[in-house]
Amino acid sequence: MSLLRNDRVPISRQLFQELREVVLSGRLKPGTRMPATRNLAAELGVSRTTVAQAYEQLQSEGYLLAREKSGTFIPEVLPEELGALTQRAASDGASGSGPSATLAQRVIHTAPARTERGVLAQPFHPGIPSIAAFPAELYVRIQRRVSLGLIRSGAARCPAEGATELREQVTAYLGASRGVVCDPSQVFIISGTHQALHLVLLGLSNPGDGAWTENPGYPGARKSFALFRLRTSAVPVDPEGLVVAEGRRLDEGARFAYVTPARQAPLGHTMSLSRRLELLSWARERDALVLEDDYDGEYRFGGASAPSLQSLDPDGRVIYFGTFSKTLLPSLGVGYLVVPKRYVDIVSRLIDLIGRPPNLSTQLTIARLIESGAFESHVRTMRTYYRRRQDALQRQLKQSLAGLVDIEVLNAGLHLIGWLPENQDDRRVAENAWRRGLLPRPLSDFVVEGRFPPALMLGFSNLSDEHMPEAVEALRQAILERN
């Protein structure tokens, strides 16, 4: 392989491109097992981390398939072939989105062949907490005690709804920090947002139901609605949050509304009280459900955190969910779903039928962290830390990218927004940045309808003072590069 050590393209990126070409050319056949990262690194004279990054990117884009305890293989169907399958289905009159489409066809139709980039934390990666600041030693110490206790007690498996201890601790934590009103029977421990949406839609929706999503807004919600054959309306947002009047105009009789009221994804606005009450009034009138994704409500800089929408809902119209991905680590894969009491039985039955709870020792370790007060202390520390990281990045960007990026500092969360000149294509700039080892997210990825000015979501949580000037300079070059 021709890896150029002095090239401006990172070696891991070069290796990714070389391996992808080998796969696409057919030199490696479907089902072929790839060399272990350690062996390939030794053969190429590069670090194992470099090879691991290339493998992870190939896996995230569908060119490699990791099988637990077996190794890494070339998949039987490559992303390009999946695209061809989708086109063939469309030409045959079965695009995958119609009422007679099979679930497999709908998955191909709604899920892109290229999944989200960034298995490892990279500069400007939005929505990823600081990996280095995770209290690893404390976590490992608690988890070791928990694991030994499980072995000695003869614990066989975890209840489908989640560990009782964690459900109780989540109930207490959400009540104190987010104003959520519930008891442990309403709390289900899940893997994250996608599982929350799929459980709710599988149990409570019918094909053809209407659903509101925010525009711009989280793409995963739209994909989930499409998978379950709901008709979706992209409802605009303003500084007060989702514009309920526009939702009514687009689809007055919708059955669901997906919102991010604590910090709108991606623009960062907090939904106003009047808009929250307006949304709940609509839900009550139309017998609808509001799906509240509180993905990082803990990180508000200045002033108290806005209470949850669920805390204002006396009628049981709000289904609330969040994760520990922003407060602890995304790789833990632990979240929570809070449902109104009238839906507890159906969600319990569903999750027992199809759900697979997160690792029991992980759940109990998080429960111990919350119970001891260490979790709350960590969140407070990180709130201050992220505010300082945001301020530092803002200063560096204004100093180095004056005239190229207009910085909008948000009052919460793990990213700020860099507005680009009107003649720029934010997807192109993001692609240029990726080739330089950066991972900003283009705002265009969140836009469903209409046109928004080009912008980048710039994460600051994993960007140290030492590496910030270099990363900002690379971003400057990505903006200036012309394809």
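Heads up: these notes are all about the structure in this document. (Residues numbered from 1 in each chain as written. Predicted model: local features only at pLDDT ≥ 70, side-chain atom pairs only at ≥ 80, totals over all residues. Heavy atoms only, no water.)

Examining the packing of aromatic side chains
1) Next: This model, assessed by the stated rule, comprises nine aromatic pairs.
2) Next: Consider the rings of Tyr299 and Tyr386, whose centres lie 5.0 Å apart with planes at 85°: the pair is edge-to-face. With Tyr299 in the loop between β8 (289-293) and β9 (318-323) and Tyr386 in helix α14 (residues 374-400), the pair connects residues that are 87 residues apart, well separated along the chain. One exposure class covers both Tyr299 and Tyr386, and it is buried.
3) Next: Pairwise contacts between aromatic rings join Tyr173, Phe324, Tyr336 and Phe375 into one cluster.
4) Next: A cation over a ring is seen here: Arg255 above Phe256, with NZ or CZ 5.5 Å from the ring centre. (Phe/Tyr/Trp six-rings, centres within 6.5 Å; stacked < 30°, edge-to-face > 60°. Helix = DSSP H or I, 4+ residues; strand = E, 2+ residues; numbered from the N terminus. Buried < 20%, exposed > 50% of the residue type's maximum accessible area, 1.4 Å probe, protein only. Lys NZ or Arg CZ within 6 Å of the ring centre and 35° of its normal.)

Examining the nonpolar core
1) Next: Formed by 61 residues in total, the largest nonpolar core has its most connected members in Phe124, Leu166, Phe324, Leu393, Leu397 and Leu475.
2) Next: Filtering out sequence-adjacent residues up to four positions away, Leu166 remains in contact with Ile189, Val334, Gln363, Ile366, Ala367 and Ile370.
3) Next: Ranked by size, the runner-up nonpolar core spans 28 residues in total, among them Phe188, Ala196, Phe256 and Phe321. (Core = buried A, V, L, I, M, F, W, Y, C linked by side-chain atoms within 4.5 Å. Contact = heavy atoms within 4.5 Å.)

Quick look at the pairing of strand β4 (residues 210-215)
1) Next: With six of six residues buried, β4 lies mostly within the body of the structure.
2) Next: Taking every second residue as pointing to the same face, both faces of β4 are buried, with Gly210, Trp212 and Glu214 on one and Ala211, Thr213 and Asn215 on the other.
3) Next: Relative to strand β5 (residues 231-238), β4 runs parallel, the two sharing six bridges. Pairing of Ala211 across the sheet is with Thr232, part of β5. (Pairing = 2+ DSSP bridges.)

Examining the sheet that holds strand β3 (residues 187-190)
1) Next: Read across the open sheet, the eight strands follow the order β3-β10-β9-β8-β7-β4-β5-β6; overall the sheet is mixed. Only two strands of the sheet have a single partner each, and these edge strands are β3 and β6 (241-242).
2) Next: In the packing of helix α11 (residues 273-286) onto the sheet, contacts are made with β4, β5, β6, β7 (256-259), β8 and β9, and the angle to β7 comes to roughly 160°.
3) Next: Against the sheet, helix α12 (residues 344-354) contacts β3 and β10 (335-338), and its axis sits at roughly 25° relative to β3. (Axes fitted to C-alpha atoms, helices over the stretch in contact; angles between N-to-C directions.)

Here's the deal with helix α7 (residues 164-178)
1) Next: Given a rise of 1.5 Å per residue, 15 residues ought to cover 21 Å, and the 20 Å separating the end C-alpha atoms of α7 matches this to within 8%.
2) Next: Here α7 has its buried residues at Leu166, Arg167, Gln169, Val170, Thr171, Tyr173, Leu174 and Arg178.
3) Next: Looking at the buried residues of α7, the elements they touch are β3, β9, β10, α13 (360-372) and α14.
4) Next: Following α7 by one or two positions, Gly179 adopts a phi angle in the positive range, close to 75°. (Expected span 1.5 Å × (residues − 1).)

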